[in-house]
Amino acid sequence: MYAYVGSRTTRERNARGDGISVFAVDQEQGSLRLVQTVDDLVNPSFLVLNRQGDRLYTVHGDRSEVSAFSIDKANGRLTFLNRKSCEGKNPVHLALDPSERFLVVSNHVSGTLAVLAIESDGAIGGLCQVVALHGPTGPHRIEQPFAKPHFNAFDASGQFVLVPDKGLDRIFVFRFDNGHLTPTEQAFVASREGAGPRHLALHPEAPLAFAINELDSSVTSYRFDPASGALQAVQVLPSLPSSFTGNSRAAEIEVSRDGRFLYASNRGCDCIAVFAIDAASGVLTPVEFAPSQGRTPRFFALTPNQRFVFVLNEDSDSIVSLAVDATSGGLRDNGFSIATGSPVCMVFSA
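Structure report, in brief. Not measured: the values here are computed from a predicted model. (Residues numbered from 1 in each chain as written. Predicted model: local features only at pLDDT ≥ 70, side-chain atom pairs only at ≥ 80, totals over all residues. Heavy atoms only, no water.)

1. What about the overall build of the protein chain?
At step 1: Helix and strand counts for the protein chain come out as 0 helices and 28 strands.
At step 2: Compactness check: the protein chain gives a C-alpha radius of gyration of 19 Å against a globular reference of 20 Å for 350 residues, within 12% of the reference.
At step 3: Along the longest, intermediate and shortest principal axes, the C-alpha atoms of the protein chain span 45 × 45 × 40 Å.
At step 4: Across the 350 residues that make up the protein chain, the buried fraction comes to 61%.
At step 5: Split by element, the accessible area of the protein chain, about 13,700 Å² in all, is 46% carbon and sulfur.
At step 6: Taking the average place of the 30 positive charges on the side chains of the protein chain and the average place of its 37 negative ones, the gap between the two points comes to 3 Å. (Helix = DSSP H or I, 4+ residues; strand = E, 2+ residues; numbered from the N terminus. Rg over C-alpha atoms; globule rule 2.2 N^0.38 Å. Buried < 20%, exposed > 50% of the residue type's maximum accessible area, 1.4 Å probe, protein only. Areas by Shrake-Rupley, 256 points an atom, 1.4 Å probe, with all protein chains shown as cover. Lys, Arg positive; Asp, Glu negative; His and termini not counted. Charge placed at Lys NZ, Arg CZ, Asp CG, Glu CD.)

2. Concerning the pairing of strand β3 (residues 31-38)
At step 1: Looking at chain direction, strand β2 (residues 20-26) and β3 are connected through 7 bridges and run antiparallel. Considered in β3, the bridge of V22 is made with Q36.
At step 2: Between β2 and β3, which pair antiparallel in sequence order, lie 4 residues; one of them, G30, sits at a positive phi of approximately 70°. (Pairing = 2+ DSSP bridges.)

3. Thoughts on the pattern of salt bridges
At step 1: Within the structure shown, the criterion is met by 15 salt bridges.
At step 2: Note that D62 and R13 form a salt bridge whose closest N and O atoms lie 2.8 Å from each other. Note that D62 is positioned in the loop between β5 (55-59) and β6 (65-71) and R13 in the loop between β1 (2-7) and β2, a separation of 49 residues in sequence.
At step 3: For D62, a relative accessible area of 25% translates into the label partly exposed. (Salt bridge = Lys/Arg side-chain N within 4 Å of Asp/Glu carboxyl O.)

4. A few points about the sheet that holds strand β18 (residues 218-224)
Sheet strands line up and pair through hydrogen bonds in the backbone, either parallel or antiparallel.
At step 1: Within the open sheet, the 4 strands sit side by side as β16-β17-β18-β19. Their pairing is antiparallel. Both outer strands of the open sheet, β16 (197-202) and β19 (231-238), are each paired with one neighbouring strand and no more. Looking at each pair of strands side by side, their axes are set apart by 25° on average, direction ignored. (Axes fitted to C-alpha atoms, helices over the stretch in contact; angles between N-to-C directions.)

5. Comments concerning the sheet that holds strand β15 (residues 180-190)
At step 1: Ordered by their spatial adjacency, 4 strands build an open sheet running β12-β13-β14-β15, and the pairing between neighbours is antiparallel. What marks the edges here is a single partner per strand, and that holds for β12 (153-154) and β15.
At step 2: Where β12 meets strand β13 (residues 160-165), 2 bridges bridge the pair, whose relative direction is antiparallel. What sits directly across from F154, in β13, is V161.

6. Some words on the environment of S337
At step 1: Within the element layout of this structure, S337 appears in strand β27 (residues 331-339).
At step 2: In this structure S337 comes out as partly exposed when scored by relative accessible area, which is 48%.
At step 3: Along the chain, S337 and S321 lie 16 residues apart, while their C-alpha atoms are 6.4 Å from each other.
At step 4: In this structure S337 touches S318, I319 and V320, once residues within four positions along its chain are discounted. (Contact = heavy atoms within 4.5 Å.)

7. Quick look at the side chain of S239
At step 1: Within the secondary structure, S239 sits in the loop between β19 and β20 (249-255).
At step 2: Here N266 takes part through its side chain, which lies 2.7 Å from a polar atom of the side chain of S239.
At step 3: Leave out the neighbours within four places in its chain, and S239 touches I212, S217, S218, V219, A250, N266, A273, F275 and F289. (Polar contact = N/O pair within 3.5 Å; in protein donor to acceptor, adjacent residues only side chain to side chain.)

8. Quick word on the environment of F69
At step 1: Positionally, F69 belongs in strand β6.
At step 2: Judged by relative accessible area, which is 2%, F69 ranks as buried.
At step 3: As for F69 and S248, which are separated by 179 residues in sequence, their C-alpha atoms are 35 Å apart.
At step 4: Not counting residues up to four positions away in its chain, the partners in contact with F69 are I20, V38, L41, D54, R55, L56, T58, L78, T79, F80 and L81.

9. A closer look at unusual backbone geometry
At step 1: Positive phi values are uncommon outside glycine, yet N43 reaches one of about 45°.
At step 2: With respect to the secondary-structure elements, N43 resides in the loop between β3 and β4 (47-49).
At step 3: Residue classification places N43 among the buried residues on the basis of a relative accessible area of 0%.
At step 4: Backbone geometry at E87 places phi at a positive 55°, although glycine is not the residue there.
At step 5: Take E87: it is sitting in the loop between β7 (78-85) and β8 (91-96).

10. Focus on the pairing of strand β25 (residues 308-313)
At step 1: Buried residues dominate β25, accounting for 6 of its 6 residues.
At step 2: Counting the residues in the hairpin turn of strand β24 (residues 297-302) and β25 gives 5 residues, including Q306, whose phi is positive at 65°.
At step 3: Bridge count for β25 against strand β26 (residues 318-324) is 6 bridges, and the pairing is antiparallel. Considered in β26, the bridge of V309 is made with L322.
At step 4: Here β25 folds back onto β26, and the loop between the two strands holds 4 residues, one of which, D317, carries a positive phi near 55°.

11. Things to note about the nonpolar core
At step 1: Grouped together as the largest cluster of nonpolar side chains are 57 residues, with contacts concentrated most on Y4, L32, L56 and M346.
At step 2: Ranked by the residues each element gives to this core, the list is headed by β2, at 5 residues.
At step 3: The contacts of Y4, once residues within four sequence positions are left out, are S21, V22, L47, L49, L56, I71, G76, L78, C345, M346, V347 and S349. (Core = buried A, V, L, I, M, F, W, Y, C linked by side-chain atoms within 4.5 Å.)

12. Looking at the packing of aromatic side chains
The description of an aromatic ring pair uses the distance of the two centres, along with the angle that the planes make with each other.
At step 1: With the rule as written, the count across this model stands at 10 aromatic pairs.
At step 2: On the numbers, 5.9 Å between centres and 80° between planes, the contact of F46 with F299 is edge-to-face. With F46 in the loop between β3 and β4 and F299 in strand β24, this pair connects stretches of sequence that are 253 residues apart.
At step 3: Exposure remark for F46: the relative accessible area of 10% places this residue in the buried category.
At step 4: Centroid distance F69 to F80: 5.7 Å. Interplanar angle 75°. Geometry classified as edge-to-face. You can see F69 sitting in strand β6 and its partner F80 sitting in strand β7, a full 11 residues away along the chain.
At step 5: An aromatic cluster is built from F46, F151 and F299, whose rings are joined through pairwise contacts.
At step 6: One Lys or Arg, R170, reaches over the ring of F188 and ends 3.6 Å from the middle of that ring. (Phe/Tyr/Trp six-rings, centres within 6.5 Å; stacked < 30°, edge-to-face > 60°. Lys NZ or Arg CZ within 6 Å of the ring centre and 35° of its normal.)

Set out below in structure tokens:
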């Protein structure tokens, strides 16, 4: 198994990364070994793999392009395929539709979603659609001056795309059909003013969705209607321990494969929040707030066997391994850490 890690690379981001790093993964020990570094890339800050694990796609943060790579499954190494414009500024997230014929991209600064075709050889093709997001901006004078989509997740059926927008305090929902996005009847659900919804995770079995709100460091649970795509808020609770009194920004969110636990990262508090999930009601119960063993955990990823969490500490240039307690969902330091500059995203391929 291999892990692909994207990093920030530019001086404007005060970054120290080289590009995309490829690691061999030991799932039994929760450790990594460097295999390849693909440098000369600008801010490959979010990555996605196809199901077969032989193609990788990345956005280029603060630019206007996305790139495609082929993967040699024998050794995990990457080879560049092509690069295309996503017709927007600062793409921050991308997702393949279930047919893997289209790529949807969130352009954070432009306030748009772009849909690009995928060619039969895995290369990125032409632009299919650009959709602008609209609405009243949130109250944060610096962080909410305009629409800021930060994520675009497909539901399990591939019929819907859910888009948290940090600038408008909304989660938009679109129907997706053959490379085309159209708003659902509900169109969006509003979060609390100033919440700044950033990323979203869907429950693997129950009709539930969970959003991490960056600006007020909270988590919102929603009921999700798989027929209409509608969202209904169930609960909002802090992603921070009550004893933390400093400044912090929430970042990443993930649900365990068995649907029992939810994890969320906090930059400033530098911890991973752990919640137990009641799948019947959607209600979350805090379990613990585990130290990230570094500074600014922008991203984390559960290993496919769910035994470890790799935490990407952007400002301490490290990836650390935390062991998962199978009973409680809690996390403990596994004693493994590897140095890598400004890591911000990780995906796994068998």
